[in-house]
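# Reading the structure
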Amino acid sequence: MGAILVTYKVFPEDILKNFESLKSEIIKILPDASKIEGWGEEPIAFGLVALLVQVRFPEDVMGLVDEFEVAMSKIQGVSQVQTFQIRRTSKDF
């Protein structure tokens, strides 16, 4: 069985110099059947930086991708979340 790798772009409400507290909040709401594969940052404009979050989900569990996006958008200090990239991989958990 394969997995789905999803990259989310998380836009903060304000300019952040450190994403550690936001990362901690994201880890807290991570579904049990998934795991964080990596983090990144992408400059947007005027000092605003988006946090990139890559998550591995099991291929056989439906709805996790959208549910996690909605859950992240509810974190205090998050302005918007976009599903940036979705790809299938044969590498399992």
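This write-up is about the structure you can find in this document. (Residues numbered from 1 in each chain as written. Predicted model: local features only at pLDDT ≥ 70, side-chain atom pairs only at ≥ 80, totals over all residues. Heavy atoms only, no water.)

## Details of helix α1 (residues 20-28)
To keep it simple, the criterion reads: Each residue's exposure class comes from its accessible area (1.4 Å probe, protein chains only) as a fraction of the maximum for that residue type: buried when under 20%, exposed when over 50%, partly exposed otherwise. Strands are runs of DSSP state E lasting at least two residues, helices are runs of H or I lasting at least four, and both sets are numbered from the N terminus onward. Read the arc as the range of directions from the helix axis to the C-beta atoms. Whether two residues touch is decided by their heavy atoms; if any such pair falls within 4.5 Å, the residues are in contact.
For α1, the full list of buried residues reads Leu 22, Lys 23 and Ile 26. Across the axial projection of α1, the buried residues extend over an arc of 100 degrees, all falling on one side. In α1, the exposed positions that point more than 90 degrees away from the buried face belong to Ser 21 and Lys 28. Looking at the buried positions of α1, the neighbouring elements they touch are β1 (3-12), β2 (35-45), β3 (48-58), α2 (64-73) and β4 (78-89).

## Details of the nonpolar core
To keep things clear, this is the line we draw: Among buried residues, those of type Ala, Val, Leu, Ile, Met, Phe, Trp, Tyr and Cys that are joined through side-chain atoms within 4.5 Å constitute a nonpolar core.
Formed by 20 residues in total, the largest nonpolar core has its most connected members in Tyr 8, Val 10, Leu 22, Ile 26, Phe 57, Phe 68 and Met 72. Residue assignment for this core shows that the elements contributing at least two residues are β1, α1, β3, α2 and β4. The leading source of residues in this core is β3, at 5 residues. Beyond its immediate stretch of four places on either side in the chain, Ile 26 contacts Val 10, Ile 36, Trp 39, Leu 51, Val 53, Phe 68, Met 72 and Ile 75.

## Thoughts on the side chain of Thr 7
With respect to the helices, strands and loops of the structure, Thr 7 is situated in strand β1. Accessibility expressed as a relative area gives 10% for Thr 7, which makes it buried. Setting aside residues no more than four positions away along its own chain, Thr 7 makes contact with Leu 52, Val 53, Gln 54, Gln 82, Thr 83, Phe 84 and Gln 85.

## A few points about the sheet that holds β1
Rules: By this definition, two strands are paired if DSSP reports at least two bridges between them. Interaxial angles span 0 to 180 degrees and are taken between N-to-C directions of axes, which are lines fitted to C-alpha atoms, for helices over the stretch in contact.
Ordered by their spatial adjacency, 4 strands build an open sheet running β2-β3-β1-β4, and the pairing between neighbours is antiparallel. In the strand order of this sheet, the two ends are held by β2 and β4, each with one partner. Taken over all neighbouring pairs, the strand axes of this sheet differ in orientation by 20 degrees on average, direction set aside. With respect to the sheet, α1 is in contact with β1, β2, β3 and β4, its orientation differing from that of β2 by roughly 140 degrees. Packing of α2 onto the sheet brings it into contact with β1, β3 and β4, and relative to β4 it is tilted by some 160 degrees.

## A look at α2
By the burial criterion, the buried members of α2 are Leu 64, Val 65, Phe 68 and Met 72. In a view along the axis of α2, the buried residues occupy a sector of 100 degrees, so they form one face of it. Exposed side chains of α2 directed beyond 90 degrees from the buried face belong to Asp 66 and Glu 67. Structurally, α2 contributes buried residues whose contacts are with β1, α1, β3 and β4.

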